[in-house]
Each structure stands twice: as C-alpha cells, then as structure tokens.
There are 2 protein chains.
Amino acid sequence: MTTASATPPAPERLLAAAGELFYESGIAATGVDAVLARAGVSPATMYAHFAGKDALVAAYLERRHETWRRTWDDVLAERDDPVDRLLSLFDAVARYRSRAGNRRGCAFLAAGTELPADHPGQRWLEADTRLLVDRLRDLAADAGLADPEDAAATLLLLYDGAMNRFARAATTPSLPVGDPLGRARDLAAEWVGTHGRTG
Amino acid sequence: MTTASATPPAPERLLAAAGELFYESGIAATGVDAVLARAGVSPATMYAHFAGKDALVAAYLERRHETWRRTWDDVLAERDDPVDRLLSLFDAVARYRSRAGNRRGCAFLAAGTELPADHPGQRWLEADTRLLVDRLRDLAADAGLADPEDAAATLLLLYDGAMNRFARAATTPSLPVGDPLGRARDLAAEWVGTHGRTG
DNA sequence: GTCTATACGCGGATAGAC
DNA sequence: GTCTATCCGCGTATAGAC
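Residues numbered from 1 in each chain as written. Chains lettered and ligands numbered in written order. Predicted model: local features only at pLDDT ≥ 70, side-chain atom pairs only at ≥ 80, totals over all residues. Heavy atoms only, no water.

Caption draft 1: Highlighting the protein's contact with DNA strand D. Residues in close proximity to DNA strand D total 16 residues, the closest being A:Ser42, A:Ala44, A:Thr45, B:Val32 and B:Asp33. For DNA strand D, the fraction of atoms within 4 Å of the protein that belong to sugar or phosphate moieties is 55%. In the model, a phosphate oxygen of DNA strand D is placed 3.1 Å from a nitrogen or oxygen of the A:His49 side chain. Between DNA strand D and B:Val32 there is a distance of 2.4 Å, counted from a phosphate oxygen to a backbone nitrogen or oxygen. Mapped by element, the contributors of at least two residues to the surface near DNA strand D are helix 3 (43–49) of chain A together with helix 2 (32–39) and helix 3 (43–49) of chain B. Considering only residue class, the surface near DNA strand D consists of eight nonpolar, six polar and two charged. (Near = heavy atom within 4 Å. Polar contact = N/O pair within 3.5 Å; in protein donor to acceptor, adjacent residues only side chain to side chain. Helix = DSSP H or I, 4+ residues; strand = E, 2+ residues; numbered from the N terminus. Nonpolar A, V, L, I, M, F, W, Y, C, P; charged D, E, K, R; others polar.)

Structural data, given as structure tokens:
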C-alpha cells in the first residue's frame with residue numbers, strides 16, 4: 001500500500017513545475033534552471049527522463065491536451081440535448097479554468113507564438129485545433145445544423161475570442177474582465193438558434 | 001533634394017528588421033544578432049540608439065500601435081453611417097493585414113504571452129486594448145446602441161476570435177483559414193441588428 | 001555615427017560519483 | 001535514479017578606434 005502524501009517521482013514533479021512556469025511566465029522566458037529549482041530535481045535527473053528542454057515542453061503540451069480533452073469528455077457525458085452538447089465547449093472551458101493555474105489565456109495559442117515551426121510540441125498545437133474543429137463539426141451535425149463546418153468555424157471564433165479576452169486581462173488589469181465565456185456561449189446559442197437549420 | 005533610393009538611417013533599418021523578425025519568429029526567440037544582421041547594422045550603433053533589446057522591443061510595439069491606429073483612423077474617415085463606423089474595425093484590420101508582414105495573428109496578443117509584467121513594452125499592449133475598447137464604446141454610443149460598454153465587449157470578443165484564427169493558421173496549415181474577419185464582421189453586424197437599441 | 005573586436009553572464013547540457 | 005560539479009555556446013552588451 002502506498003502512502004498518499006509520499007513525494008511524487010521526479011518526472012511527475014518536473015511536469016508539474018513545468019506546467020506552472022511555462023504557463024505563467026512563457027516557455028521561452030522560463031529557463032530549465034527555474035523548472036529544476038521548483039521541482040527540486042537535479043539537472044542530470046531531468047536529462048535522464050527528458051531528452052532536453054524541447055522534449056519537456058512537448059510533454060507539458062501533451063499533458064495539457066490530455067487534461068483538456070478529458071475535461072470536455074466529462075462535460076459531454078453529462079449532456080443529452082444535442083444543442084447542449086454543441087455548446088458544452090464553453091462549459092468545459094469554464095470547468096477547466098476553474099482549476100488552479102489556468103487564469104491566463106490558452107496555453108496552445110501562447111505556445112504557437114513562441115515555438116518555431118519544427119518544434120516537437122507543434123504536434124499538440126495542431127491536435128488542439130483539430131480536436132476543437134472536428135468535435136464541433138460532429139456535434140453540429142448531431143444537432144442537425146445545416147452547415148456543420150460553418151458552425152464549427154463560428155464556434156471556434158467565439159471560443160478563441162473568449163480565450164484572448166483572458167490573455168488581455170493579464171496585460172490590462174484595469175479593464176474589468178467580465179464573463180467572456182458566458183458572453184461567447186450566449187452568442188453561440190443565439191447563432192445556433194438563428195442559423196440552426198436554415199444554412 | 002534627397003534621393004529616393006538612399007539607404008535609410010540605421011535606427012529606421014533596425015526598426016524595420018525588428019518589425020519583421022519579432023513578428024515572424026517571436027520576440028524571445030529573436031536574438032539581437034539576427035536583427036543586427038538583417039538591418040546591416042553593428043552592435044555598437046544599435047546600442048547608441050536603443051538602450052537595449054527591451055527598448056528595441058518597446059519601440060517595435062509602439063510603431064505597430066501607431067501604424068494600426070492610423071490605419072483605423074483612415075478607414076473611419078471614409079465612413080459616415082454610424083453602424084458602418086462601428087463595424088469599421090473589421091475593415092481596418094483587413095486593410096492593415098493586407099500590407100506585407102501581417103499574415104500571423106495579433107502582435108500585441110503575442111507579445112503579451114512573451115513579455116514579463118514589468119517590461120517597458122507592456123505600455124503598448126495596454127494601449128492596444130484601450131484603443132479598441134474605448135473607441136468601440138464611443139462608436140457604439142454614436143450609433144445609439146443601448147449599452148455601448150456591452151457592445152464594445154462583444155465586438156472585442158469577435159475581433160479577438162478572428163485574430164486567433166490567424167494565429168491558429170500558422171500551426172495548423174492543413175485547416176482552411178476561410179475568412180475570419182468577414183465572419184466576425186457578419187456576426188457583429190447581426191448582433192448590432194438584434195441588440196441594437198433594446199439593450 | 002559607425003565600425004571591429006571583445007567581454008561577460010546565463011541557459012542548456014554533460015561527466016562522473018554515489 | 002539521483003546527486004554535485006562543470007563545460008560550452010550563444011546572446012547581450014561594452015571598449016576603443018576611425
């Protein structure tokens with residue numbers, strides 16, 4: 001039997017530290033040293049588990065992708081109505097963000113501005129966009145919308161808009177943030193009501 | 001009389017080079033060396049005109065802010081109808097992006113993920129958000145909308161959504177980009193029509 | 001104002017012991 | 001698996017001449 005309060009193994013501590021620092025301070029601005037210090041791990045140990053910083057970054061993005069997908073899965077499992085399922089995107093983001101360490105905007109969009117085109121983490125940025133577009137298209141089709149592709153594009157736009165509003169909040173704290181997710185959801189619901197079955 | 005094809009002075013060449021590299025490759029990922037090489041300027045000359053990389057970054061953001069504001073001003077000067085003026089945001093972005101070197105997403109949102117909170121360039125990120133929110137609020141009021149603040153928040157969300165769609169295009173080239181600005185403009189026009197004078 | 005040459009620190013990565 | 005100690009390069013910045 002394992003003790004609940006035991007210190008997690010080094011790779012886990014590294015990913016936890018990387019998750020906080022990369023997200024809060026940016027990937028390029030965060031040195032490997034800072035991750036090691038927060039994780040309480042020595043350089044050699046890290047390089048025994050990860051090929052280098054790039055691999056650590058990719059693992060960080062993979063973990064975020066999995067967590068996010070699982071969160072959306074969970075919310076979807078609670079919804080029956082087809083339109084509710086389509087709009088569940090916004091509820092899932094709200095739940096995802098309710099966890100600690102998600103106050104800033106979208107980690108994938110942020111990474112997209114930081115990583116070069118050939119970075120191993122790019123794979124997860126593409127996976128993020130693909131998950132959103134493909135799933136929204138399918139859910140829109142299930143809801144009987146005339147043009148699922150078009151619906152997916154519209155909801156993605158609203159989703160991205162809400163994400164960016166959170167990013168702006170970090171640089172312009174004087175401006176009240178309001179409720180971008182609620183706003184985006186309302187706009188989406190309205191759009192679905194108007195354009196739903198007409199095309 | 002000055003010759004038209006004369007080489008611009010060093011500070012101008014530096015800003016031009018910085019503008020391309022910072023925008024295309026990211027601020028943190030772009031070394032001063034790369035800017036110097038592209039500008040054809042020696043390190044000492046650069047440091048004679050800019051206190052350091054941070055100052056160069058701030059100047060880069062200031063220039064982008066001024067160019068963008070001027071572009072929007074120009075478009076506004078061509079519009080009379082109050083609703084056209086409110087929606088001119090999307091036309092202005094389209095014009096701004098039509099110039100070379102603006103294929104990626106919003107430089108200010110990108111910078112927000114890269115710069116630390118105390119960076120001198122933060123001033124221009126805040127200025128960007130302020131310009132958008134304040135101007136949209138005023139234009140919404142001019143258009144007689146019941147809740148200008150609310151209208152500004154909605155249009156900002158749509159604007160940010162379109163910007164992010166361009167950012168995603170860089171990481172997921174397989175997905176057709178479509179016309180995010182046109183989509184955002186249509187959604188905005190529809191919203192204004194529906195929520196216009198009712199609140 | 002602009003150059004060449006150089007100093008200096010930091011961040012990424014490795015060697016070798018335990 | 002994990003540590004301490006160290007290497008190395010690159011990116012920022014400066015010195016000093018023209």
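Caption draft 2: Highlighting the protein's contact with DNA strand C. Around DNA strand C, 16 residues are found, and the nearest of them are A:Val32, A:Lys53, B:Ser42, B:Ala44 and B:Thr45. Take the atoms of DNA strand C that sit within 4 Å of the protein: sugar and phosphate atoms are 55% of them. A:Tyr47 has a polar side-chain atom sitting 3.1 Å from a phosphate oxygen of DNA strand C. Taking B:Thr45, its side chain carries an N or O atom lying 2.9 Å from a phosphate oxygen of DNA strand C. Residue assignment for the surface near DNA strand C shows that the elements contributing at least two residues are helix 2 (32–39) and helix 3 of chain A together with helix 3 of chain B. With four residues, helix 3 of chain B is the single largest residue contributor to the surface near DNA strand C. Considering only residue class, the surface near DNA strand C consists of eight nonpolar, six polar and two charged.

Caption draft 3: Structural context of the environment of B:Ala110. All names here are of chain B. Tracing the backbone shows Ala 110 in helix 6 (residues 107–114). On the basis of relative accessibility, which here comes to 18%, the residue Ala 110 falls in the buried class. Distance from Ala 110 to Phe 22, taken between C-alpha atoms, is 9.9 Å for residues 88 residues apart in sequence. (Buried < 20%, exposed > 50% of the residue type's maximum accessible area, 1.4 Å probe, protein only.)

Caption draft 4: Structural context of the interface of chain B and chain A. Taken together, the contact between chain B and chain A spans 42 residues of the former and 44 residues of the latter. Counting the surface chain B buries against chain A, the share from its top three residues, B:Leu157, B:Arg168 and B:Arg183, is 21%. Run the count over chain B and chain A and you get six salt bridges. There are 18 residue pairs in polar contact (both at pLDDT 80 or more) connecting chain B and chain A. Residue assignment for the side of chain B that touches chain A shows that the elements contributing at least two residues are helix 6, helix 7 (122–142), helix 8 (148–171) and helix 9 (180–195) of chain B. (Contact = heavy atoms within 4.5 Å. Buried area = accessible area lost by both parts, 1.4 Å probe. Salt bridge = Lys/Arg side-chain N within 4 Å of Asp/Glu carboxyl O.)

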